[in-house]
Amino acid sequence: MIFTEISSEELQQFQKENNHRYYFSQSAEYNIMANNNNLKTKILAIKENNEILAYGIFIYFQYKKFFYKVTAQHGPIMDYSNTELVKFYFEQLKKYYAKNLRVLCVRVNPFINEKYYSDVEFISDNEEAIKTNELLNNLNYYPMNEDLFTNPTLSSRCIFSKILDENITETNLLKNVSQIARYTINRTMKEGVQVREIDIFNEEDAKIFDEINRDTEDRIDFEIRDNTYFKSLKNNIGDKAHYLVSYIDCDQFVETTTNTIANLEKERDNLKEKLEQGKVNAKKATNRLKEFDENIAIWYKKIDKIKELKAENGNVINLSCATFIETGQDLIYFTSGAMRKFHRYEGPYAILFHMMKYAINNNFKYFNFFGTSKDFESEEATDYGVLQFKRNFNGNIEYFMDNYEFRNAIGKIWKI
């Protein structure tokens, strides 16, 4: 086995030919994008007989102008059950950086679950992670007990994901989410919420996307990337980046609903005629006629509300937006935003239902809701409400190993 640096192109070909799991920060496309944005990286791999056995993308975060903190987010990627391979990689990684005086520390985040969960309930520890932890400690890699939620240069230890096995289909998807999600998604359909993929390079689409993100940013007091980033992302990963917007077309809703009412009225009148001719059970028919009248009245009220909405806000009402990234086995729910004013229309549910069907039809194994804090059982957690929203889609916490660090000579004596 040899420890060596490889190119983005070599990694890209390897990832294309091998259906293994990795996250965006360990993708060849990410490395290309980082380099295009003048961020220094290295892809360090183990090869045997010219075959890649392990790899990690390491980002160089500048520190005090001259120094670097080198970090692998959700990596390196390898078979962690292969103790010989794991030990060789981390030994060689230390040797690789040992004499680099500008690198103060190197941080790794082994891509392996430390614990297994069902929803947010702990099931068991992972024996492979226990062995990996012992190996890292013996090599003087120390757990930092930090992640994205305390240090933005690190990866999140916990993510929430839904496994899309062969038993989940587009047809039965609604049966595989919570009752709350099922009810809400059905309601978005009845209220005319639609979803479309936008072109981030189209001026009008980009304006809509940014407007929703800025409204969200003001509400949650958290900075959301601007369209410069989203355009760069699209330029670098192409069709693997998806930008979605949920919206209501008021005129289209009125037209569709008017047709729905006309069909209901026709069915009602046919039933009424049969009742008058004595061709149906009187009690059942009377009850059914009552249901028709109630449903028709509800649809008329919806038309009145949509007309009011149009009068106040214009014909097309943009509700929410989201970014999705295709990466290996995962379709990642990367960013999201929603207009506070139109919260009741539940645009994010419509987008997630739309993209879950996309994930199923394109054979993704995981629908990845991405990071959540480690404090996922406490109502005091900053992202508690967001996690409860994700849980409505019946997934599980994935609890990864810690971010580990070893320090070089200057890093050991300098407080960093």
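Residues numbered from 1 in each chain as written. Predicted model: local features only at pLDDT ≥ 70, side-chain atom pairs only at ≥ 80, totals over all residues. Heavy atoms only, no water.

**Brief notes about the packing of aromatic side chains**
- Counted by the stated rule, this structure contains 34 aromatic pairs.
- Summarising the aromatic geometry, the rings of F367 and F369 are spaced 5.1 Å apart at their centres and angled 65 degrees between planes, so their arrangement reads as edge-to-face.
- For F367, a relative accessible area of 0% gives the class buried.
- By relative accessible area, which is 1% here, F369 ends up buried. (Phe/Tyr/Trp six-rings, centres within 6.5 Å; stacked < 30°, edge-to-face > 60°. Buried < 20%, exposed > 50% of the residue type's maximum accessible area, 1.4 Å probe, protein only.)

**Topic: the nonpolar core**
- The biggest cluster of nonpolar side chains holds 77 residues, and the ones touching the most others in it are L233, I248, F324, F367 and F393.
- A per-element tally of this core places helix α10 (residues 347-361) first, with nine residues.
- Those residues in contact with F324 that lie beyond four places of it in its chain are K240, A241, H242, L244, L331, I332, Y333, F334, I351, L352, M355 and F367.
- Grouped together as the second largest cluster of nonpolar side chains are 30 residues, L44, L85, I112 and L135 included. (Core = buried A, V, L, I, M, F, W, Y, C linked by side-chain atoms within 4.5 Å. Helix = DSSP H or I, 4+ residues; strand = E, 2+ residues; numbered from the N terminus. Contact = heavy atoms within 4.5 Å.)

**Some thoughts on unusual backbone geometry**
- Look at the link from G75 to P76: it is a cis peptide, with omega at 10 degrees.
- Mapped onto the elements, P76 comes out in the loop between β4 (67-71) and α3 (83-98).
- Although it is not a glycine, N49 adopts a positive phi angle of roughly 55 degrees.
- Mapped onto the fold, N49 is located in the loop between β2 (41-48) and β3 (51-63).
- Its identity is not glycine, yet N50 carries a phi of approximately 65 degrees, on the positive side.
- Looking at the element boundaries, N50 is found in the loop between β2 and β3.

**Structural notes on the pairing of strand β7 (residues 121-125)**
- Where strand β6 (residues 113-118) meets β7, four bridges bridge the pair, whose relative direction is antiparallel. Bridging across to β7, Y116 finds its partner in S124.
- Where β6 folds back onto β7 in an antiparallel hairpin, the turn is made up of two residues, including D119, whose phi is positive at roughly 60 degrees. (Pairing = 2+ DSSP bridges.)

**With respect to helix α2 (residues 28-36)**
- Of the positions making up α2, those classed as buried are A28, E29, Y30, N31, M33 and A34.
- On the buried face of α2, the contacting elements are α1 (8-17), β2, β3 and α7 (227-237).
- Downstream of α2 by a residue or two, N38 has a phi angle that is positive, lying close to 65 degrees.

**Concerning the environment of P110**
- The topology assignment puts P110 in the loop between β5 (103-108) and β6.
- Distance in space between the C-alpha atoms of P110 and H74 is 6.3 Å, their sequence separation being 36 residues.
- Not counting chain neighbours up to four residues away, the residues in contact with P110 comprise G75, Y80, L136, F400, M401, D402 and Y404.

**Things to note about a negative patch on the surface**
- On the surface, a cluster of negative charge is made up of E121, D375, E377, E379 and E380.
- Residue placement: E379 occurs in the loop between β14 (366-372) and α11 (384-391).
- When its relative accessible area of 62% is taken as the criterion, E379 is described as exposed. (Patch = residues over 30% accessible without salt bridge, like charges linked within 9 Å, V, L, I, M, F, W, Y side chains within 5 Å. Areas by Shrake-Rupley, 256 points an atom, 1.4 Å probe, with all protein chains shown as cover. Salt bridge = Lys/Arg side-chain N within 4 Å of Asp/Glu carboxyl O. Lys, Arg positive; Asp, Glu negative; His and termini not counted. Charge placed at Lys NZ, Arg CZ, Asp CG, Glu CD.)

**Concerning the sheet that holds strand β13 (residues 330-338)**
- Pairing in this open sheet of nine strands is mixed, and the strands run β7-β6-β15-β9-β14-β13-β12-β11-β10 from one edge to the other. Here the strands that pair on one side only, and so sit at the sheet edges, are β7 and β10 (193-197). Neighbour-to-neighbour, the strand axes of this sheet turn through a mean angle of 30 degrees, independent of strand direction.
- When strand β11 (residues 241-249) meets strand β12 (residues 316-327), the two strands line up antiparallel, connected through nine bridges. Note on β12: the bridge partner recorded for Y243 is T323. (Axes fitted to C-alpha atoms, helices over the stretch in contact; angles between N-to-C directions.)

**Focus: the environment of G347**
- Mapping G347 onto the fold places it in helix α10.
- Assessed through its relative accessible area of 2%, G347 is described here as buried.
- Ignoring sequence-local partners within four residues, the contact set of G347 consists of S246, L319 and S320.

**Details of empty space enclosed by the protein**
- As enumerated under the stated definition, the model contains one cavity of 30 Å³ or more in all.
- Taken as a whole, the largest cavity holds about 40 Å³ of empty space.
- Surrounding the largest cavity, Y22, F24, S27, E29, I237, K240, I325, E326, T327 and G328 form its lining.
- In terms of residue count, the dominant contributor to the lining of the largest cavity is β12 (three residues).
- The residue makeup of the lining of the largest cavity, split by class, is four nonpolar, three polar and three charged. (1 Å grid on protein atoms, 1.4 Å probe; cavity = no way out; pocket = protein on both sides within 12 Å on 5 of 7 lines; lining within 4 Å. Points joined across faces, edges and corners; volume = space filled by probe spheres on them. Nonpolar A, V, L, I, M, F, W, Y, C, P; charged D, E, K, R; others polar.)

**Digging into helix α5 (residues 179-190)**
- If you check α5, its first and last C-alpha atoms are 17 Å apart, about what 12 residues at 1.5 Å a residue would give, namely 16 Å.
- For α5, every residue scored as buried is listed here: A181, T184, I185 and T188. The buried side chains of α5 occupy one side of the element, clustering within an arc of 100 degrees when seen end-on. Residues of α5 that are exposed and point more than 90 degrees away from the buried face comprise Q179 and Y183.
- Elements in contact with the buried residues of α5: β10 and α10. (Expected span 1.5 Å × (residues − 1). Arc of directions from axis to C-beta.)

**Considerations on the pattern of salt bridges**
- Counted under the stated rule, the structure contains 19 salt bridges.
- Measuring nitrogen to oxygen at the nearest pair gives 2.8 Å for the salt bridge that ties R21 to D330. Note that R21 is positioned in the loop between α1 and α2 and D330 in strand β13, a separation of 309 residues in sequence.
- Classification of R21 by relative accessible area gives buried; the value is 13%.
- For the salt bridge of E405 with R107, the shortest nitrogen-to-oxygen distance reads 2.7 Å. Residue E405 is located in strand β16 (residues 404-407), and its partner R107 is located in strand β5; the two are separated by 298 residues in the primary sequence.
- A relative accessible area of 5% means that R107 is categorised as buried.
- Through salt bridges that share partners, R21, D330 and E398 make up one connected network.

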